[in-house]
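A look at the structure
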Amino acid sequence: MAESSRRLRPEPRYGTRPTMKDVAARAGVGLKTVSRVVNGEPGVTPDTERRVQEAIEALGFRRNDSARVLRKGRTASIGLVIEDLADPFYGPLNRAVEEVARAHGALLINGSSAEDPEREQELVLALCARRVDGLIVVPAGHDHRYLEPEIKAGVATVFVDRPAGRIDADAVLSDSFGGARAGTAHLVAHGHRRVGFIGDQSVIHTAAERLRGYRAAMADAGLVIEPGWISLGTTDPDRVREAVAAMLDAPDPVTAIFAGNNRVSVTVVRVLAGRARPVALVGFDDIELADLLDPGVTVVAQDAATLGRTAAERLFQRLDGAADAPERVVLPTRLITRGSGELPPAH
């Protein structure tokens, strides 16, 4: 019975990884010789190097970088923590960070916080435990003192899209205030006096800044904002649909809406498509196919790729020894007119 069980036991799916010792045995050389070839060090004859390389290729050997970390104290890897990898805004940002990392010979490891401060901290500290050289973080929380020991230990850290909370750290941001102010002013310039604002949760820095920009533009025009014209909360489509309906079905409805981010804009577009009365719309963040809709969606666009690239370049400046005071870089936004923001008020 025991004999039969042994015969039926499946073979392991994965084998063991070849080691430098295996390479040395196949090539007929010593371990030190293999180490020199693997690490590109001098002192090996061309014929010996050829034999070692042939053994490496035949065995499928890959260098174990963990030992190099212990020797050099650097992993050639960086971590990126963003809100949601599935959000179209973060795709170009992630790619830009990856390209800069690649140019510096570093590997990018990323994860999503899902706008949860505890998950953000868990991810950040897990990356630190894996000895990443630096971090780029889109913060979900408002207290980043948990990072102070890591920063003091040498983990370079740059915040992007939103600033850090309760610590002094490099940050690369878009001009959310200025962009929202310009977008709202654009609606006012086209004759709108009743402009609604639908945004994300007020505890999020970008949402608060965009609301501040909206308020500033309305004040600049001498317009009083009615309580029902502002709706803040999650970007859940049901919540946004209810907010739009409340603004449009009121006795004195808004004639224009400023949408605080791309996810809000998408839901607002869907709701307005089912309405007979035209309502002007300006959204913060560009959205896919915005130029193909009728009318096209006017947006305040931020350059996510430049955000990511600038943050990554700053991170590698820190890793290369830059010791100047933390800086805050604010990148401009751009108003793209496509039709929805230029509709006149419907009477």
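Structure report, in brief. Only a predicted model underlies this, so the values are computations on that prediction, with no experimental measurement involved. Per chain, residue numbering runs from 1 following the sequence as it is written. Where local features are concerned, this predicted model is filtered to residues with pLDDT of at least 70; where side-chain atom pairs are given and counted, the filter is 80 or more; whole-chain, interface and lining totals use all residues. Where side-chain values are given, they derive from all heavy atoms of the structure, hydrogens and water being excluded.

**Details of the overall build of the protein**
Summing up its helical and strand segments, the protein has 13 helices and 12 strands in all. The principal-axis extents of the C-alpha atoms in the protein amount to approximately 90 × 60 × 35 Å. Exposure is judged per residue with a 1.4 Å probe applied to protein chains only, and the accessible area is read against the type maximum: over 50% gives exposed, under 20% gives buried, and values in between give partly exposed. In the protein, which comprises 347 residues, the share counted as buried stands at 47%. Pairs at least 24 residues apart make up 67% of the contacts formed inside the protein by residues separated by at least 6 positions. Carbon and sulfur atoms make up 51% of the accessible area of the protein, which totals about 18200 Å². Distance from the positive charge centre (44 side chains) to the negative charge centre (47 side chains) of the protein: 6 Å. The helix and strand labels rest on DSSP assignments: H or I over at least four residues marks a helix, E over at least two residues marks a strand, and numbering proceeds from the N terminus. Any two residues whose heavy atoms approach within 4.5 Å are treated as being in contact. Calculation of accessible area relied on Shrake-Rupley with a 1.4 Å probe; when residues are assessed, cover is drawn exclusively from the protein chains displayed. When charges are counted, Lys and Arg contribute as positive and Asp and Glu as negative, whereas His and the chain ends are disregarded. Where a charge sits is defined by one atom per residue type, namely NZ (Lys), CZ (Arg), CG (Asp) or CD (Glu).

**Describing the pattern of salt bridges**
Throughout this description, the term salt bridge denotes a Lys or Arg side-chain nitrogen within 4 Å of a carboxyl oxygen of Asp or Glu. What the rule picks out here adds up to 22 salt bridges. Arg181 serves as the salt-bridge partner of Asp220, at 2.8 Å between the closest nitrogen and oxygen. Of this pair, Asp220 sits in helix 10 (residues 205-220) while Arg181 is found in helix 9 (residues 176-189), placing the two residues 39 residues apart along the sequence. Classification of Asp220 by relative accessible area gives exposed; the value is 53%. For Arg181, a relative accessible area of 30% corresponds to the partly exposed category.

**Some points on unusual backbone geometry**
Asp294 connects to Pro295 through a cis peptide bond whose omega is 0 degrees. Among the structural elements, Pro295 can be located in the loop between strand 9 (280-284) and strand 10 (298-301). Within the chain, Glu115 stands out as a residue other than glycine whose phi angle is a positive 60 degrees. Structurally, Glu115 is set in the loop between strand 2 (107-112) and helix 7 (117-129). A relative accessible area of 19% means that Glu115 is categorised as buried.

**Let's talk about the environment of Met247**
For Met247, the position within the fold is in helix 11 (residues 237-248). As for Met247 and Leu319, which are separated by 72 residues in sequence, their C-alpha atoms are 50 Å apart.

**Quick look at helix 9**
A rise of 1.5 Å per residue sets the reference length of helix 9, with its 14 residues, at 20 Å; its end C-alpha atoms lie 20 Å apart and thus fit the reference within 8%. The element helix 9 is extensively covered by neighbouring structure, given that 10 of its 14 residues are classed as buried. Buried residues of helix 9: Ser176, Phe177, Gly178, Gly179, Ala180, Gly183, Thr184, His186, Leu187 and Val188, and no others. Just beyond helix 9, the residue with positive phi is Gly191, at close to 100 degrees. Expected helix span is given by 1.5 Å per residue-to-residue step, counting one fewer step than there are residues.

**Quick notes on the environment of Ala311**
On the secondary structure map, Ala311 appears in helix 13 (residues 304-319). A relative accessible area of 0% places Ala311 in the buried class. Once the C-alpha coordinates of Ala311 and Glu288 are considered, the two residues, 23 residues apart in sequence, prove to be 24 Å apart. With sequence-adjacent residues up to four places away left out, Ala311 is seen in contact with Ile136, Val158, Val160 and Val172.

**Points about the nonpolar core**
One recurring pattern in soluble globular proteins is that nonpolar side chains are buried together. Formed by 38 residues in total, the largest nonpolar core has its most connected members in Ile198, Val244, Ile257, Phe258, Val268 and Leu281. Counting only elements with at least two residues in this core, the list comes to helix 9, strand 6 (195-199), helix 10, helix 11, strand 8 (256-259), helix 12 (262-273), strand 9 and strand 10. Sequence-distant contacts of Ile198, defined by excluding residues within four places in its chain, comprise Ser231, Arg239, Val240, Ala243, Val244, Met247, Ile257, Phe258, Ala259, Gly260, Val264 and Val268. The term nonpolar core refers to a set of buried residues drawn from Ala, Val, Leu, Ile, Met, Phe, Trp, Tyr and Cys, joined through side-chain atoms within 4.5 Å. Ranked by size, the runner-up nonpolar core spans 25 residues in total, among them Val100, Ala101, Leu307 and Phe316.

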